[in-house]
Amino acid sequence: DINRLCAAYIPEWLSKDTVSAAEVAAFYADQEKVRCEETSLKKALWLRQVSTGTAWGWRFWRGLRFVLQMAVGRLRDYRRKLPATGSNASDDSHPAASLGSPRFSAFARIPAFCAGILLWFRDGPY
């Protein structure tokens, strides 16, 4: 709603000497602002339940989120331990020789995929 305020209302209000109560009321009645507030409230209530809910579903959600975050961390650590590609990686027996292979490329996308899942778990369906 701050974007709506700054884009649509503030420029108009700054061009005037005074702002009437009706103009302020029009901002609070703006449909885009109301939708934004509804979405924000839903997300806040969702995050509160995710963080403090005691039902088994919320506990499961937090546990699954923890496991996924731990998996992403482990994958990140594993990727850091892999040697860098370069001219010294031309030996086929060297672990870095297959880094350009499609199999490794698929592996390299796993952390990004897991990060997307984690964002969904963190932010919820909103």
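Scroll up to find the structure this text is about.
All values reported here derive from a predicted model rather than from experimental measurement. (Residues numbered from 1 in each chain as written. Predicted model: local features only at pLDDT ≥ 70, side-chain atom pairs only at ≥ 80, totals over all residues. Heavy atoms only, no water.)

Peer 1: I tried to follow the side chain of E23 on my own but got confused; where do I start?
Peer 2: On the secondary structure map, E23 appears in helix α2 (residues 21-29). For E23, a relative accessible area of 18% gives the class buried. Looking at E23, its side chain comes within polar contact range of the main-chain nitrogen of S20, at 3.0 Å. Those residues in contact with E23 that lie beyond four places of it in its chain are E12, W13, K16 and T18. (Helix = DSSP H or I, 4+ residues; strand = E, 2+ residues; numbered from the N terminus. Buried < 20%, exposed > 50% of the residue type's maximum accessible area, 1.4 Å probe, protein only. Polar contact = N/O pair within 3.5 Å; in protein donor to acceptor, adjacent residues only side chain to side chain. Contact = heavy atoms within 4.5 Å.)

Peer 1: Just to check I follow, could you spell out the pattern of salt bridges for this structure?
Peer 2: Should their charged atoms come close, side chains of opposite charge can pair. Across all of its chains, the model carries 5 salt bridges by this definition. The partner of K16 in a salt bridge is E12, with the nearest N and O atoms 3.4 Å apart. Taking the relative accessible area as the measure of exposure, E12 reaches 38% and is therefore partly exposed. Measuring nitrogen to oxygen at the nearest pair gives 2.0 Å for the salt bridge that ties E37 to K33. Separated by 4 residues within a single helix, E37 and K33 lie in helix α3 (residues 31-52), roughly one turn from each other. The exposure class of K33 is buried, given its relative accessible area of 2%. Connected via shared salt-bridge partners are R4, D30 and E32. (Salt bridge = Lys/Arg side-chain N within 4 Å of Asp/Glu carboxyl O.)

Peer 1: Sorry if this is basic, but what is going on with α3 here?
Peer 2: Because each turn of an α-helix spans 3.6 residues, side chains separated by three or four positions in sequence point in the same direction. Taking 1.5 Å of rise per residue, the 22 residues of α3 would be expected to cover 32 Å, and the 31 Å separating its terminal C-alpha atoms lies within 8% of that figure. Of all the positions in α3, only K33, W46 and V50 are classed as buried. The arc that holds the buried residues of α3, viewed along the axis, is 155 degrees, so those residues lie on one side. Pointing more than 90 degrees away from the buried face of α3 are the exposed residues Q31, L41, R48 and T52. Sitting at the head of α3, D30 places a side-chain oxygen 2.9 Å from the backbone nitrogen of E32. (Expected span 1.5 Å × (residues − 1). Arc of directions from axis to C-beta.)

Peer 1: Got a minute to help me understand the packing of α3 against helix α4 (residues 56-81) in this structure?
Peer 2: In helix packing, the relevant descriptors are the interaxial angle and the interaxial distance, both defined with respect to the helix axes. Put simply, α3 and α4 touch, their axes get as near as 7 Å, and they point 85 degrees apart. In terms of their interaxial angle, α3 and α4 are classed as roughly perpendicular. Counting all contacts with α3, which are made through W46, Q49, V50, S51 and T52, the residues of α4 involved are W58, W61, R62 and R65. Across the contact of α3 with α4, the residue classes break down as 4 nonpolar, 3 polar and 2 charged. (Axes fitted to C-alpha atoms, helices over the stretch in contact; angles between N-to-C directions. Parallel < 35°, antiparallel > 145°, perpendicular 65-115°, else oblique. Nonpolar A, V, L, I, M, F, W, Y, C, P; charged D, E, K, R; others polar.)

Peer 1: So what exactly am I meant to see when it comes to the packing of aromatic side chains here?
Peer 2: Two aromatic rings, taken as a pair, are described by how far apart their centres are and by the angle between their planes. Enumeration over the complete set of coordinates arrives at 6 aromatic pairs. The interplanar angle of 75 degrees and the centroid separation of 5.1 Å between the aromatic rings of W46 and W58 together place this pair among those described as edge-to-face. In this pair, W46 sits in helix α3 while W58 sits in helix α4, placing the two residues 12 residues apart along the sequence. A centroid spacing of 5.3 Å and a plane angle of 85 degrees characterise the contact between W46 and W61, whose relative ring orientation is edge-to-face. Taken together, the residues W46 in helix α3 and W61 in helix α4 connect sequence positions 15 residues apart. Of the two residues examined, W46 and W61, each falls in the buried class. (Phe/Tyr/Trp six-rings, centres within 6.5 Å; stacked < 30°, edge-to-face > 60°.)

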